[in-house]
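Coordinate analysis (summary)
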Amino acid sequence: MAVTRRPTRRDVVRSAAAVAAVTLACPSLAQASPRVAVIGGGFGGAACARALRRLDAGLQVTLIEPNKIFTACPFSNEVIAGLRELTEQQFTYDKVAADGVTVAAQAAVKVDNQARTIGLADGSTIAYDRLVLAPGIDMRFDALPGYDEAASQKMPHAWKAGEQTLLLRKQLEAMDDGGTVAIAVPAAPLRCPPAPYERAGLIAHYLKTKKPRSKILILDAKDNYSQQKLFENAWKELYPGMIERIALSQGGRVTSIDPGTNEIVTDFGNYTAQVANIIPPQKAGRIAEIAGAADHTGWCPIDPVTFASKLLPNIHVIGDACIAGGIPKSASAASAQGKACAAAIVNALAGKAPDTPRLNGACYNTVAPGYAFSLRGIYQPKDGQYAEAEVVTSPVDASREVRQREADEALGWFKAITGDAFG
Amino acid sequence: MPSALINVPPKAKRGDVIEIKTLMSHIMETGYRHTASGEVVPRDIITSFACRYNGTEIFRADLYPAIAANPFISFFTTATESGKFEFEWIGDKGFSETASASITVE
């Protein structure tokens, strides 16, 4: 469908630049306003779009994101536990637009990388010279028998912040004292690997305060997980006997779900929970698959130095959607990747060799109000894949003062990262 | 500490094809790894698994070092009569474990 749009201020500026170029008799300048489109306005996409404009104010940057309000996942476990309101997780794109990024509040439904155009849900198209895909994750609603989108209205995943977060909170509030809350955890890779365990602790905090006879059952398709000893010690200290975890080798892998009865089936047992939080297997956001940037795993292979897709030219993939080796899928990683990708694109457009990124990642886990620990990593490309260059985890035997300080730091981190992307 | 997990359907119709699942906790040390001081970590694996249905062997598997820790073995059989499934795991260092489960066939 052909689309005409009103000339924007940017068009006017561009034609003025073209005129200027002609008068300066330097024709290359007429083309020197490359168009970079970013699909997905999460931590990765928003940070990338802003960094592109900051590094080269001559770029035309468009951020394509259907939601006018972004709802952040980090700290959404606190919302589930009733410790925080969802509005504290929400941000607009006003500041992103103020940086000179054109924000298109539309869903991208098609990518034609031959023509270098993106089709939007309203039928219009956006042309690009470079495209950054930052679509985050989608649930694989075909991966766990019985668990489809309709089932997620009854047994919420709450793995994308928003309505699902509130649904899980409402179910916890409605549950009787003495009920069981089940959390089903998928095998890797998943968004924010330690988050299921953070969630278990914070739900335990809510239950201990409001419904102390209740229990939490974690059915896990993994044997080991990040910061496991820290979590286990904290649960023992704060919520003795409340959290039971059945690991993969104890038969914890969930094989099917019955949303009619809230029944969860594993290889070796059946469980019925009053509240069932089913976190299904995941894949890169749908547009990555439509564009052809995702491989058989459902995720997008990239060159770690430039975030260029290994499958498609002129397309870069950042954030949870990309295969980033040792970097956990997290807001912090997406933000760092967005900035590094912006630098790689600006270098490439200028014909310069890419710099090798050195990415910082931080991951805070809160177990109770005033009780948190963290993992901080530095990641660098090695043998075509990201590898941990340095990782520091909070000490296992730290004092409560240290845990309190990390809880304060976590809040500071949230302010900084949301400020980077949206503030 | 070894422990077996067994999943046999408690009931089935005669002639039904049923799935049996087993999981044995085991380190499955390959024998190809070395300690920091260069000594070989001795092999410690399960070498064989067998299942008998009312005394008759219906399934057997040989296991090798490439099999991951905590071997999960699942197979299918036909439910012919009520009775007992017996499972046996044998391995290095005198490892020997058994488990059993009953089925009612109607």
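Here, every reference points to the structure presented above.
Below you will find a few notes about this structure. Throughout this description, residue numbers start from 1 for each chain and increase along the sequence as written. The order in which chains are written sets their letters, starting at A; the order in which ligands are written sets their numbers, starting at 1. Confidence filtering applies because this is a predicted model: local features only for residues at pLDDT of at least 70, side-chain atom pairs given and counted only at 80 or more, and all residues used for totals across whole chains, interfaces and linings.

**Quick word on the overall build of chain A**
Selection rule: Each helix is a run of DSSP H or I of at least 4 residues and each strand a run of E of at least 2, with the numbering of both proceeding from the N terminus. Radius of gyration means the value over C-alpha atoms here, while the globule rule gives 2.2 Å times the residue count to the 0.38 power. Burial is judged by counting other C-beta atoms within 10 Å of a residue's own C-beta: 20 or more means buried, 12 or fewer means exposed, and anything between counts as partly exposed, with every C-beta placed from the backbone. Contact between two residues is assigned when their C-beta atoms, built from the backbone, lie within 7 Å.
The secondary structure content of chain A amounts to 10 helices and 24 strands. What you see for chain A is a C-alpha radius of gyration of 23 Å, in line with the 22 Å of a compact globule of 423 residues. The principal-axis extents of the C-alpha atoms in chain A amount to approximately 80 × 45 × 40 Å. Looking at chain A as a whole, 45% of its 423 residues are labelled buried. Considering only contacts within chain A whose residues lie at least 6 apart along the sequence, 68% involve residues at least 24 apart.

**Things to note about the sheet that holds strand β15 (residues 263-266) of chain A**
Residue and element names in this part refer to chain A. Defined as follows: Strands were regarded as paired on the criterion that DSSP finds at least two bridges between them. Helix axes are fitted to C-alpha atoms over the stretch in contact, other axes to C-alpha atoms as well, and angles between N-to-C directions run from 0 to 180 degrees.
Pairing within the open sheet is antiparallel, and its 3 strands lie in the order β14-β15-β16. Each of the sheet's edge strands pairs with one partner strand only, and the pair in question is β14 (254-258) and β16 (270-272). The sheet shows a mean angle of 20° between the axes of neighbouring strands, taken without regard to direction. Sheet topology places β14 next to β15; 4 bridges connect them, and they run antiparallel. Opposite Asp258, over in β15, you have Glu263 as the bridge partner.

**Focus: the nonpolar core**
Rules: The term nonpolar core means buried Ala, Val, Leu, Ile, Met, Phe, Trp, Tyr and Cys residues held together as one set by C-beta atoms within 7 Å. For each domain, the first and last residues come from an automatic or database assignment.
Among the nonpolar cores identified, the biggest contains 123 residues, and A:Val38, A:Cys48, A:Leu63, A:Leu133, A:Cys300 and A:Val317 are the most heavily contacted of them. The greatest single-element share of this core, amounting to 10 residues, is contributed by helix α9 (residues 331-349) of chain A. Each of domain 1 (35-139 + 283-355) and domain 2 (151-280) of chain A gives at least three residues to this core. The contact partners of A:Val38, leaving out residues within four places of it in the chain, are A:Gly45, A:Cys48, A:Ala49, A:Val61, A:Leu63, A:Ile64, A:Val132 and A:Ala134. Judged by nonpolar contacts, the second largest core, of 8 residues, contains B:Val8, B:Ala79, B:Phe87 and B:Ile103.

Taken by themselves, the reported measurements are silent on function.
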